[in-house]
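Listed here are the chains, written in short residue letters.
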Amino acid sequence: MADTPTTATGSTPWRHIPAQVDLPALERDVLDHWDGQDTFAKSLEQTAGGKPWTFFEGPPTANGMPGTHHIEARVFKDVFPRYRTMKGYSVERKAGWDCHGLPVEVAVEKELGFNGKKDIEAFGIAEFNAKCRESVLRHVDAFADLTTRMGYWVDMEHPYRTMDPEYVQSVWWSLKQIHDKGQLVEDYRITPYCPRCGTGLSDHELAQGYETVVDPSVYVRFPLTSGPVAEKAGKPVSLLVWTTTPWTLVSNTAVAVHPDVDYVVATDGNESLVVAEPLLSALGEGWTVTDRYVGRDMERWNYQRPFELVEFPEPAHYVVLADYVTTEDGTGLVHQSPAFGADDLIVCRAYDLPVVNPVESDGTFQADVPLVGGQFFKKADEDLVNDLRDRGVLFRHVPYEHPYPHCWRCHTPVMYYALPSWYIRTTQVKDALLRENEKTNWYPESVKWGRYGDWLRNNIDWAVSRSRFWGTPLPIWRCADDHQVCVGSLAELGELAGRDLSATDPHRPFVDDITFACPTCGEESTRVAEVIDAWYDSGSMPFAQWGYPWAEGSKEKFEKSYPADFISEAIDQTRGWFYTLMAIGTLVFDESSYRNVACLGHIMAEDGRKMSKHLGNILEPIPLMDDHSADAVRWFMACSGSPWKARGIGPNVLNEIVRKVLLTYWNTAAFHALYARLADWSPSAGAPPVAERSVLDRWLVSETHRLVRDTDEAYAAYDTQKLGVLISQFVDVLSNWYVRRSRRRFWAGDAGALATLHETLDVLTRLMAPLTPFVTERVWQDVFRPVTPELAESVHLAAFPQYDETVIDDRLATHVSMARRVVELGRSARAEAKVRTRQPLGRALVGSAAIADLDDELLREIAEELNVGSVEPLSSAGADLVEFSAKGNFRQLGKRFAKQTPVVAGAIAAADAAALAASLKASGTATVVVDGADVEVSADEVLLSERPREGWSVVNEQGETVALDLEITPELKQAGLAREVVRTLQEARKNSGLEVSDRITVWLTSTDPELSDALGKHADEIAREILATDLTVSMPPATSSLTTGTEDDLGLTYWLTKA
RNA sequence: GGGCCUAUAGCUCAGUUGGUUAGAGCGCUGCCCUGAUAAGGCAGAGGUCACAGGUUCAAAUCCUGUUAGGCCCA
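Everything quoted here is computed from the prediction, not taken from an experiment.

Some remarks on the packing of aromatic side chains
Think of a pair of aromatic rings as described by two things: how far the centres are apart, and how the planes are tilted against each other in angle.
Inference 1: Summed over the entire model, instances satisfying the criterion amount to 49 aromatic pairs.
Inference 2: Centre to centre, the rings of tyrosine 443 and tyrosine 718 are 4.9 Å apart; their planes meet at 50°, and the pair counts as tilted. Of this pair, tyrosine 443 sits in strand S18 (residues 441-443) while tyrosine 718 is found in the loop between helix H23 (695-716) and helix H24 (720-747), placing the two residues 275 residues apart along the sequence.
Inference 3: Classification of tyrosine 718 by relative accessible area gives buried; the value is 3%.
Inference 4: For the pair tryptophan 462 and tyrosine 536, a centre-to-centre distance of 5.5 Å together with 35° between the ring planes defines the contact as tilted. With a gap of 74 residues between them, tryptophan 462 in strand S19 (residues 462-463) and tyrosine 536 in helix H16 (residues 534-539) connect regions that are remote in the sequence. One exposure class covers both tryptophan 462 and tyrosine 536, and it is buried.
Inference 5: Between arginine 82 and the ring centre of tryptophan 34, over which it is positioned, the NZ or CZ distance is 5.4 Å.
Inference 6: Here the basic side chain of arginine 349 rests over the ring of tyrosine 423, its NZ or CZ set 5.1 Å away from the ring centre.

Remarks on the nonpolar core
Inference 1: Counting residues in hydrophobic clusters, the biggest one holds 121 residues, and the most contacted among them are Tyr738, Leu764, Leu767, Leu771 and Ile862.
Inference 2: No other element matches the 13 residues that helix H22 (residues 651-678) contributes to this core.
Inference 3: In this view, leucine 771 contacts Val79, Arg634, Trp635, Ala638, Cys639, Tyr715, Leu723 and Ile727; residues no more than four positions away in its chain are not counted.
Inference 4: Listed in part, the 62 residues of the second largest apolar core include Phe222, Phe307, Val359 and Phe365.

Digging into the sheet that holds strand S40 (residues 1043-1047)
Inference 1: Strand order in the open sheet made by the four strands is S39-S38-S41-S40, with mixed pairing throughout. Every interior strand has two partners, whereas the edge strands, strand S39 (1028-1032) and S40, have only one. When strand polarity is set aside, the average angle formed by the axes of neighbouring strands in this sheet is 20°.
Inference 2: Relative to strand S41 (residues 1052-1058), strand S38 (residues 1000-1006) runs antiparallel, the two being bridged by seven bridges. What sits directly across from threonine 1005, in S41, is threonine 1053.
Inference 3: In the packing of helix H33 (residues 970-991) onto the sheet, the strands contacted are S38, S40 and S41, and the crossing angle to S41 comes to about 45°.

Things to note about empty space enclosed by the protein
Inference 1: The full count for this structure, using the stated rule, is three cavities of 30 Å³ or more.
Inference 2: Taken together, 16 residues make up the lining of the largest cavity; nearest its centre are Thr54, Phe55, Glu92, Trp546 and Ser561.
Inference 3: Of the residues contributing to the lining of the largest cavity, the split by class is seven nonpolar, four polar and five charged.

Quick notes on the confidence of the model for chain A
Inference 1: For chain A, the average pLDDT comes to 88, and 95% of its residues sit at 70 or higher.
Inference 2: Taken as a whole, residues 1-9 scores under 50 in pLDDT and shows 25 contacts with residues more than four places along the chain or in a different chain.
Inference 3: This prediction of the complex comes with two scores: 0.87 for pTM and 0.89 for ipTM.

Overview of the sheet that holds strand S26 (residues 567-570)
Note on sheets: strands pair through backbone hydrogen bonds, and any given pair is parallel or antiparallel.
Inference 1: If you trace the three strands from one edge of the open sheet to the other, you get S18-S27-S26, paired in parallel fashion. Two strands lie at the open edges of the sheet, namely S18 and S26, each paired on one side alone. Averaged over all adjacent pairs, the angle separating strand axes in this sheet is 20°, with direction ignored.
Inference 2: On top of the sheet, helix H3 (residues 68-86) reaches S26 and strand S27 (596-600); it is set at about 165° to S26, its chief contact.

Focus: the packing of helix H12 (residues 430-438) against helix H19 (residues 577-589)
Inference 1: At a closest axis distance of 10 Å, the pairing of H12 and H19 adopts a crossing angle of 120°. Between H12 and H19, the angle falls in the class oblique. Of the two possible hands of crossing, H12 and H19 adopt the one that is right-handed. Residues Ala432, Leu433, Glu436 and Asn437 of H12 form the contact with H19, whose participating residues are Met582, Ala583 and Thr586.
Inference 2: For the contact of H12 with H19, a count of residues per class yields four nonpolar, two polar and one charged.

Side note on the side chain of arginine 830
Inference 1: For arginine 830, the position within the fold is in helix H27 (residues 810-833).
Inference 2: A distance of 2.9 Å separates a polar atom in the side chain of arginine 830 from the backbone oxygen of leucine 866.
Inference 3: Those residues within four positions of arginine 830 in sequence are excluded, and the remaining contacts are Val835, Arg836, Thr837, Gln839, Pro840, Leu841, Leu866, Asn867, Val868 and Leu964.

Observations regarding the protein's contact with RNA strand B
Inference 1: Near RNA strand B there are 50 residues, and of these Arg451, Glu656, Arg659, Lys899 and Leu943 occur at the shortest range.
Inference 2: Near the protein, meaning within 4 Å, the atoms of RNA strand B are sugar or phosphate in a fraction of 61%, with bases accounting for the rest.
Inference 3: A distance of 2.4 Å is found between a phosphate oxygen of RNA strand B and a side-chain nitrogen or oxygen belonging to arginine 659.
Inference 4: Elements supplying a minimum of two residues to the surface near RNA strand B: helix H14 (451-457), H22, H24, H27, strand S32 (882-888), helix H30 (890-897), helix H31 (901-910) and H33.
Inference 5: Among the residues making up the surface near RNA strand B, the classes are represented as 14 nonpolar, 15 polar and 21 charged.

Remarks on the pattern of salt bridges
Inference 1: Tallying each qualifying case throughout the model produces 64 salt bridges.
Inference 2: Residue arginine 149 pairs with aspartate 626 through a salt bridge whose shortest N-O separation is 2.9 Å. Of this pair, arginine 149 sits in helix H7 (residues 140-150) while aspartate 626 is found in helix H20 (residues 621-628), placing the two residues 477 residues apart along the sequence.
Inference 3: Glutamate 805 serves as the salt-bridge partner of arginine 709, at 2.7 Å between the closest nitrogen and oxygen. In this pair, arginine 709 is assigned in helix H23 and glutamate 805 in the loop between helix H26 (773-784) and H27, connecting sequence segments 96 residues apart.
Inference 4: Arginine 709 gets classed as buried once you look at its relative accessible area, which sits at 17%.
Inference 5: For glutamate 805, a relative accessible area of 42% corresponds to the partly exposed category.
Inference 6: Sharing partners across several salt bridges, the network here consists of Arg740, Arg741, Arg827, Glu861, Glu864 and Glu865.

As for unusual backbone geometry
Inference 1: Residue proline 315 is bonded to the preceding glutamate 314 through a cis peptide linkage, with omega at 5°.
Inference 2: Mapped onto the elements, proline 315 comes out in the loop between strand S13 (288-294) and strand S14 (319-321).
Inference 3: Omega for the peptide link from tyrosine 443 to proline 444 comes to 0°, which places this bond in the cis form.
Inference 4: You can see proline 444 is positioned in the loop between S18 and helix H13 (446-449).
Inference 5: Notably, aspartate 590 is not glycine yet its phi reads approximately 60°, a positive angle.
Inference 6: As for its position among the elements, aspartate 590 is in the loop between H19 and S27.

Comments concerning H3
Inference 1: Here H3 contains 19 residues, and its C-alpha end-to-end distance of 27 Å stays within 8% of the 27 Å for a straight helix at 1.5 Å per residue.
Inference 2: Arginine 74 marks the point of greatest bend in H3, at about 25°.
Inference 3: Burial analysis of H3 places 17 of its 19 residues in the buried class, which makes it a mostly covered element.
Inference 4: Directly beyond the C-terminal end of H3, a positive phi value near 95° is found at glycine 88.

With respect to the pairing of S39
Inference 1: With four bridges joining them, S38 and S39 adopt parallel strand pairing. Paired with valine 1002 across the strands is leucine 1031, a residue of S39.
Inference 2: The handedness of the S38 to S39 crossover, carried by helix H34 (residues 1009-1025), is right-handed.

Observations regarding helix H2 (residues 39-46)
Inference 1: When H2 is considered as a whole, its buried residues turn out to be Thr39, Phe40 and Ser43. Buried residues of H2 fall within an arc of 105° about the axis and therefore sit on the same side.
Inference 2: Among the structural elements, helix H1 (23-37), H3 and strand S4 (155-161) are those in contact with the buried residues of H2.

Each value, and the rule that gives it
- Residues numbered from 1 in each chain as written.
- Chains lettered and ligands numbered in written order.
- Predicted model: local features only at pLDDT ≥ 70, side-chain atom pairs only at ≥ 80, totals over all residues.
- Heavy atoms only, no water.
- Phe/Tyr/Trp six-rings, centres within 6.5 Å; stacked < 30°, edge-to-face > 60°.
- Helix = DSSP H or I, 4+ residues; strand = E, 2+ residues; numbered from the N terminus.
- Buried < 20%, exposed > 50% of the residue type's maximum accessible area, 1.4 Å probe, protein only.
- Lys NZ or Arg CZ within 6 Å of the ring centre and 35° of its normal.
- Core = buried A, V, L, I, M, F, W, Y, C linked by side-chain atoms within 4.5 Å.
- Contact = heavy atoms within 4.5 Å.
- Pairing = 2+ DSSP bridges.
- Axes fitted to C-alpha atoms, helices over the stretch in contact; angles between N-to-C directions.
- 1 Å grid on protein atoms, 1.4 Å probe; cavity = no way out; pocket = protein on both sides within 12 Å on 5 of 7 lines; lining within 4 Å.
- Points joined across faces, edges and corners; volume = space filled by probe spheres on them.
- Nonpolar A, V, L, I, M, F, W, Y, C, P; charged D, E, K, R; others polar.
- pLDDT = per-residue confidence, 0-100.
- Parallel < 35°, antiparallel > 145°, perpendicular 65-115°, else oblique.
- Left-handed = near helix turned anticlockwise from the far one by under 90°.
- Polar contact = N/O pair within 3.5 Å; in protein donor to acceptor, adjacent residues only side chain to side chain.
- Near = heavy atom within 4 Å.
- Salt bridge = Lys/Arg side-chain N within 4 Å of Asp/Glu carboxyl O.
- Expected span 1.5 Å × (residues − 1).
- Bend = angle between axes of the 7 residues up to and from the residue.
- Right-handed = clockwise from strand over helix to strand, strands pointing away.
- Arc of directions from axis to C-beta.

Okay, here's the thing in structure tokens:
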């Protein structure tokens, strides 16, 4: 690395790796290194011939600043391509920008101080769109900085942009495919509409304008004219219908009932009314039920409509079935007016009912409508209700308070209004969509047939047009006779228009000006006014990013990369990009465009609340990474908690990742480099065969292969949470068990230990590289490449490690974990006895179940770790010292005894444990008495534990026992004092700034006779431990300049100097 | 109003096919260990596993309902 702070030392290639490291500074260096070496490009070149593994980048809109939440999906979009690249796949990574859409227009409108579409038209569409074009790329640099800083490798040099002419023409081509199949059609769409402003409102605008108002709610009689109860003993029978918008009754078209709800006919003696049974109480007192029908049996009963004010194409005015009908309020019979309600329109369309709309676009009734002609729609309620009352069809009238949307600009009540709109008939490919979804792997799986599957099963046609300015123009031209031509490219348009249009900007207003003679009738064809939903743009990226099929080479690129192996975005894209990608792919190619999709939860502030300016809890992404390192942030995004759930990020959790994972890993590598350098060891020097290495080496080799196997599986299954658990646990046990227990061998330059740790760190570095690409690169450059120059020049150009299943030794794993367990219990026993670890003890006794798993090598490790002379079986203390207890193993017993389990377990607990133990040991079975009968139980059905009676410090947990012999002989006492002296001098060495390998000269004096005795007997051992070439038990010569100190508790005074 | 997700220690979260005494980290207290470490270990305090029913010999785990929060949609 260019300006690395690490340096080669002397003749050895081993670099000095500092134990402390500034991760953010390290990352800046690594970024420079990648930049200088062109590492990303090399990784693509190196794998160019490999099997393709395709990833699609979901395009962000760059008209806002990137936030910390943007890092989340980008981590997933980086980790798996890096992993696949290390596995030899060719992974193309093209960035993209989403350029069109209403949010862009709204932002520009706000900048210009505009107040609606009229202002834009006055300003000029060309000028307005130019502003949008500029706005949408305003923060591309900020996104690029974020992308670079976090180590997301994606090609930002050649991104696709949804506004580029090549992209737009590709979108046109796909729309033409859909139009030619008759699946892109014009129809009515119910839009929230402000009649004063004359404009539709977006959902976002609508949400801002809710106000609580009091509307008349009316219960109206609709007399039946057909069906089994139309005539009831000469008395009229009516459907009772409830509505809060009496003005829509003028255009009543049908009445909807729920197919599965029970409806009743009730009479008060004068008349009969039909209502849903759960809402019978709406009628009041004195009504008796005479008949009942399930909703689905009422289908197509005819009735007489409430007003005869407008002409109506028949057939209409009958009962229809609709699942959305509820029995929460009203009567369970819902008035349908498809021009003014989205649900109404869907339901009525299914019955082919007409859409009758007597209201002008300014919100007034058409002038020729009797009674209410010319009236504003809301104002007409009063006259209409009065008329209903006068004619005796009004059953009840009550004021109804509810939230109703108003225009956020002018507070005019919003009208839900049928406007012509272009639809893609996705309902026609619903079965194909369900089929494609079945083939898709969702992470987490619950989304597949949960939130997303529900959306597909309830699929509705996609209203794809927008009456706006900045978007892909809908490429449909038509003449007065509605002969439509959907144009698939500028070349095609040029042919129709008879001139070269290849350089035309395919946006409004330029394409609006192009007209041609209708190919069918010769009359003038003009473009329809709309642009398309920007979601269609982004859902087209699998082919449009290559300009398919027009751009040169686009066919090859497209065919090679469709469908994608992997996409990932946050959960809010289920009905957004995840849907539009699948829908467009299925419509155009009859195949969804992705196979695996990771669907992430949202990123919150550390307090679990949404990050917002209002709360002042926003964490800016780049400062966050500069404070904690990008690797830590990446690790958080991938491995902390479940990525499928909302998660809070902040300094606490990031600091923990740095300390527990990144620095522990770094430090283990630094430790290895330190002792490999001191031993002048080389990986090429050859090491003893694994089978001849020490037990901990053999164990670590096995665990390393296990880790490769498990992480490889986790990567392949997109399970980053599991990766985090596997790697962090491995790093912890590597540092705090393997290295800790092996330190003496490293000090001695043991080739087996050095080779084992070297190999393990190599593997660990590779398999962590996709997650934490910075620190692993630095370790690769500073620890591995200097000593093995033939290695790949970057860890990201190296191969993912391989494993050998036959090397994974489960028995050895069990044995080592038992050893660790015994150590844990031994420490606990020491703490309980209040005997410090530096005081050697004679022996530890271990329960017989545990000791069966421990060979001599492991017993030695335990003895050393616990500072005891030997570890022996508990039974060696003499049989009568041991006390047994027995418990039933519920899980085992449950299989055999089911209901009797607790009784048998009780019998085991009540039995003579010593006899039970003896019998199990002798024959493998034992007999207990259950309800007077003998029952035979086997060894695995009984949990035995044993403990000595007294004079020992004993810890007994979950069947395992460790006992410490607390007798401290004079020899042990002195050995303990020697350990204290060693400890004191090691501390002094460290404080005086000596290197770990420096040799020293030492003088010691004591004021305590017992200590003096110990110094005399253990002088050689002390000298060896503290690397003293010369140790004198006396005062030093008066002239020397020395480090000195005293340890009062011991009565020790020391002087030392570098030898 | 509908659908989905979530609810476990003060905080952040694990918890396999139901099974013995529900775990970890952070934080707190005490002690210990340290020739790489910003570490590590042992112990202590801290839990009505949101609530209410149900299934079962046995429920944090399976079922039903309720409450609260989140997301999407109306």
